[in-house]
Amino acid sequence: MRLILATAVAVALVGCGGKKDDAPKGSGGGSSGSAGKPVEPEKPVSCPPGSAVVDGKCSALITPAKVEAVAQQQSRVDELAQLLDKIDTVAAPVEVLDGLRQLDAWKTLALADDRLKAVDTTVATLGEAVKSLREFKGNLGQLSANLGNLRGELDRLLKSDGPTPKLAELQAQISSKVRTALEPYGGQAAATIQGALVPLEEKLTEASDYVIVGCAAARRMNAGDKAVALCKDVKDVFERGLKWIGDFKERPAKLFETVSSELQKQLDSLIDAEAKKLLDATQAKVNDALRLKP
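Asks: What's the story with the packing of aromatic side chains in this structure? I'm lost.
Replies: Per the counting criterion, the structure on display carries 3 aromatic pairs. Centre to centre, the rings of Tyr185 and Phe256 are 6.4 Å apart; their planes meet at 15°, and the pair counts as stacked. In this pair, Tyr185 sits in helix H7 (residues 167–220) while Phe256 sits in helix H10 (residues 251–266), placing the two residues 71 residues apart along the sequence. You can call Tyr185 buried: its relative accessible area is 1%.

And the structure:
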């Protein structure tokens, strides 16, 4: 009887052990993960101001030196605009031409000399060119303001304690401001070179010879006090105008080249490939304007 009872207990113990081994693993307790802890979401990377997240790490992309570099380009623009304060130097010979062509003595001379007759057309062309230069000063003012906006945005980002942006976000933001500043100016510079500076230099050079001849003839004809006043120092008036054009004519294109290259150098990581491509295309347009005849 004892043998039968011992055997039954042993069988029961073996059966209980088998059922425990067959239970699904990891089914008890309701925990997750290898350590039985809930998986926490990945925290966003927090970087110092002026930085962006690049490949999951902080990268310092905006510095005080870069902000100052933009300010320096803005100063270059302002310096060129100041040269246009002396635009009366080139407007003066145009005014002399316009006054001379209205004199009766000049009209008489023009009947015998087609070159003097052509001054009527020349005056109209030069008048439009001077007007375009005055408008170009406004273009430089807008470029300076846009560069000021870019500088202000970089300074704001350098001091911001907000969420750290990703590189793509920062590139889109800065590239947009660089394009807003430089693309319109490039087209304006090319138009000013072709529509104002090139014709001013060519037409004034031609007209200076005609005027000297015309003034000499007017004096022989005793054309009157007005002719004397207009012809006084006429050679110097034209020489000063032509010198101003010679000094200024390549500066709008040089300004674009300098500002564009400096911004791309200083803000390289912040300007995307598309913006760089468009700036290069605009630079080519400006260069072509210098080479083309009007």
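Asks: Help me understand the packing of helix H2 (residues 64–83) against helix H6 (residues 119–159), please; the structure alone is not making it clear to me.
Replies: Packed helix pairs are characterised by how far apart their axes lie and by the angle those axes make with each other. Contact geometry for H2 and H6: axes closest at 9 Å, N-to-C directions at 170°. Looking at the two axes, H2 sits roughly antiparallel to H6. Where H2 abuts H6, its residues Pro64, Val67, Val70, Ala71, Gln73, Gln74, Val77, Asp78, Leu80 and Ala81 lie against Lys137, Leu140, Leu143, Ser144, Leu147, Gly148, Leu150, Arg151, Leu154, Asp155 and Leu158. For the contact of H2 with H6, a count of residues per class yields 13 nonpolar, 4 polar and 4 charged.

Asks: Quick question: what am I supposed to make of the state of the cysteines here?
Replies: Two cysteines form a disulfide when their sulfur atoms are joined by a covalent bond. With the rule as written, the count across this model stands at 2 disulfides. The disulfide partner of Cys47 is Cys58, and the S-S distance across this bridge is 2.0 Å. One quick way to see it: the torsion about the S-S bond of Cys47 and Cys58 is about -90°, and its sign makes the bridge left-handed. Within this pair, whereas Cys47 is found in the loop between helix H1 (2–21) and strand E1 (51–54), its partner Cys58 is found in strand E2 (residues 57–60), the two being separated by 11 residues in sequence. According to the relative accessible area criterion, Cys58 is partly exposed, its value standing at 39%. Here Cys215 engages in a disulfide with Cys231; their sulfurs sit 2.1 Å apart. Disulfide Cys215-Cys231: torsion about the S-S bond near -80°, hence left-handed. Here Cys231 lies in helix H8 (residues 225–231) and Cys215 lies in helix H7, a separation of 16 residues in the sequence. Comparing Cys215 with Cys231 shows no difference in burial state: the two are buried. Described in terms of the sequence order of its bonded cysteines, the disulfide pattern of the protein chain is 1-2, 3-4.

What counts and what doesn't
Residues numbered from 1 in each chain as written. Predicted model: local features only at pLDDT ≥ 70, side-chain atom pairs only at ≥ 80, totals over all residues. Heavy atoms only, no water. Phe/Tyr/Trp six-rings, centres within 6.5 Å; stacked < 30°, edge-to-face > 60°. Helix = DSSP H or I, 4+ residues; strand = E, 2+ residues; numbered from the N terminus. Buried < 20%, exposed > 50% of the residue type's maximum accessible area, 1.4 Å probe, protein only. Axes fitted to C-alpha atoms, helices over the stretch in contact; angles between N-to-C directions. Parallel < 35°, antiparallel > 145°, perpendicular 65-115°, else oblique. Contact = heavy atoms within 4.5 Å. Nonpolar A, V, L, I, M, F, W, Y, C, P; charged D, E, K, R; others polar. Disulfide = S-S within 2.5 Å.

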